[in-house]
Amino acid sequence: MVPSFLSLSLSRLGLWASGLILVLGFFKLIHLLLRRQRLAKAVEKFAGPPTHWLFGHALEFQQMGSLDKVVSWAHQFPYAHPLWFGQFIGFLNIYEPYYAKAVYSRGDPKAPGVYDFFLQWIGRGLLVLDGPKWFQHRKLLTPGFHYDVLKPYVAFFSEFTRNMLDKWEEKAWEDKSFDIFSDVGHMALNSLMKCTFGRGDTSLATANPSSYPLLCRDSSYYFAVSDLTLLMQQRLETFQYHNAFIHWLTPHGCRFLRACQVAHDYTGPQFPFGQKMASQAVTLYASGSEQVIREQKAALQDKKVREKIEKQRHWDFLDILLDAQDDDDNKLSDADLWAEVDTFTFEGHDTTTSGISWFLYCMALYPEHQHHCREEICEILGDQDSFQWDDLSKMTYLTMCIKESFHLSPPVPQVYHQLSKPVIFVDGRSLLAGSLISMHIYALHRNSTVWPDPEVFDPLRFSTENASRRHPFAFMPFFAGLRNCIGQQFVMSEMKVVTALSSLWTPHGCPSRWPSLS
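How each quantity is defined
Residues numbered from 1 in each chain as written. Predicted model: local features only at pLDDT ≥ 70, side-chain atom pairs only at ≥ 80, totals over all residues. Heavy atoms only, no water. Helix = DSSP H or I, 4+ residues; strand = E, 2+ residues; numbered from the N terminus. Pairing = 2+ DSSP bridges. Axes fitted to C-alpha atoms, helices over the stretch in contact; angles between N-to-C directions. Contact = heavy atoms within 4.5 Å. Left-handed = near helix turned anticlockwise from the far one by under 90°. Nonpolar A, V, L, I, M, F, W, Y, C, P; charged D, E, K, R; others polar. Core = buried A, V, L, I, M, F, W, Y, C linked by side-chain atoms within 4.5 Å. Buried < 20%, exposed > 50% of the residue type's maximum accessible area, 1.4 Å probe, protein only. 1 Å grid on protein atoms, 1.4 Å probe; cavity = no way out; pocket = protein on both sides within 12 Å on 5 of 7 lines; lining within 4 Å. Points joined across faces, edges and corners; volume = space filled by probe spheres on them.

### Structural notes on the environment of Ala 443
Piece 1. Relative to the helices and strands, Ala 443 is located in helix α22 (residues 441-444).
Piece 2. C-alpha of Ala 443 to C-alpha of Pro 413: the two residues are 30 residues apart in sequence and 8.1 Å apart in space.

See the structure below:
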């Protein structure tokens, strides 16, 4: 039996706990209502579509799809309109070049209410940082994307693309359609691992049984990133998932955590950069990521090892990160290193995969443009059997086609920021500091006041003459302003090589088919 005084104490403790929860819940509700009032006041000068009393605009996104719905709203409300995910996260959604310039020429931080969702996955890397730390990381990472670093990568892009095309050749003989997106994703991931972290022993065409564990791990990472990208969008559009405690208790949150673990396993203890030195082979699979970083740092401090690395044809991205230091001799911490590794591994292959896949889709839809690209590429190659770095700048028409595919299908359709100071727009309307901004790149690229016939595939939009007449913030596939994509030259270089070789490939014995989207 429980003594009466103990039973009384437990009863009182339960009452105190319940009271404390109610008080905390009350203060949280007041905080949310004040936030709602502040955000609503910030955007009250802007007309917009009606909102659901609880879900905001989320239900309409689920019914029609967020991209097409926002484009339809952009026709109704020029310049911008309020956009609500639930009742407590509201943005001014903009899709006009002058509005974009007013905000994104300043370098305001990312919106914490959205990008905090990324922290469990990629940590505090360049994507989510702001202020002095963002500038420090940006400065330290920039040498990793210098032209001299990118030049040797052309050979690697070619190698992995040919492996992918060999696999497509085998599939083409089966005389039935097949999905290219996952193959492009694996190819892009393999290329990124080789170019930036020094591993190139997995490929789509590999048949060596000893490589199967690595292939399985690559596939797991690829599908985990696809899952995480979808889950992030679903979390943003589902207001009850905005609360972290509630989110982690749901099947959606558990699925997100499992996918995060797969991604971290890929860039954690088994991370492939240690394969450069045989002495680190055991470390790859037996130790934690912190130990691997410490050993790699020690290796770079060893004079003989450093001289050996410097004599290599190129430095890997990780070598550059480990060796980078600012004017005060400060280096990236271990936590910073892994955040940047996770960030670049995700962004480096996800953006490229999307861009290449949409380009190939457009080329299949419009074979006349593919024909022009093929003629240009054959002329550039001449008697060569592979591309050189200098060849990429000669791919004029191919580059216009790539940019037009970015115009129709930007890899990142929407980004979110928080104003660090007030802004006054070109039409005199303004927003207060602390307001949230959504830059809808997909709707901007379909703004008919900027782009005549925006749905038509027209590469000549990007001729030198036409591009010079367009507003600099009208085309933003890699964003614009101070926070533009640091890896855009890497992406464009890889896309040119992959799309050029793919445009030359013609499946034998396979009749032409109209491409489909799944």
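Alright, that's what it looks like, and here's the rest.
### Digging into the sheet that holds strand β1 (residues 80-85)
Piece 1. One open sheet holds the four strands; their spatial order is β1-β2-β6-β3, and the pairing between them is mixed. Only two strands of the sheet have a single partner each, and these edge strands are β1 and β3 (414-418). Across the sheet, the axes of successive neighbouring strands diverge by a mean angle of 30 degrees, strand direction being ignored.
Piece 2. Pairing of strand β2 (residues 89-94) with strand β6 (residues 436-440), which is carried by three bridges, proceeds in the parallel orientation. In the strand pairing of β6, Leu 92 is matched with Ile 437.
Piece 3. Its contacts with the sheet put helix α4 (residues 97-104) on β1, β2, β3 and β6, and the angle it makes with β6 is roughly 135 degrees.

### Things to note about the packing of helix α19 (residues 367-381) against helix α21 (residues 396-408)
Piece 1. α21 packs onto α19 with a crossing angle of 145 degrees between their chain directions and a minimal axis gap of 8 Å. Once α19 is placed against α21, the crossing between them reads as left-handed. Taking contact as the criterion, the partners of His 369, His 372, Cys 373, Glu 376 and Ile 377 in α19 are, on α21, Thr 396, Tyr 397, Leu 398 and Cys 401.
Piece 2. Residue composition of the contact of α19 with α21, by class: five nonpolar, three polar and one charged.

### Topic: the nonpolar core
Piece 1. With 130 residues, the main nonpolar core has Trp 121, Leu 431 and Met 439 as its most contacted residues.
Piece 2. For this core, the leading source of residues is helix α18 (residues 334-365), giving 10 residues.
Piece 3. The residues contacting Leu 431, other than those within four sequence positions of it, are Ala 42, Val 43, Phe 46, Leu 92, Leu 419, Pro 422, Val 423, Phe 425 and Ile 437.

### A look at the layout of surface pockets
Piece 1. If you add up the space inside the second largest pocket, you get close to 540 Å³.
Piece 2. If you trace the second largest pocket, you find 22 residues lining it, with Lys 28, Leu 32, His 242, Asn 243 and Ala 244 closest to the centre.
Piece 3. Mapped by element, the contributors of at least two residues to the lining of the second largest pocket are α1 (4-42), α5 (112-115) and α12 (244-249).
Piece 4. Residue contributions to the lining of the second largest pocket peak at four residues, all from α1.

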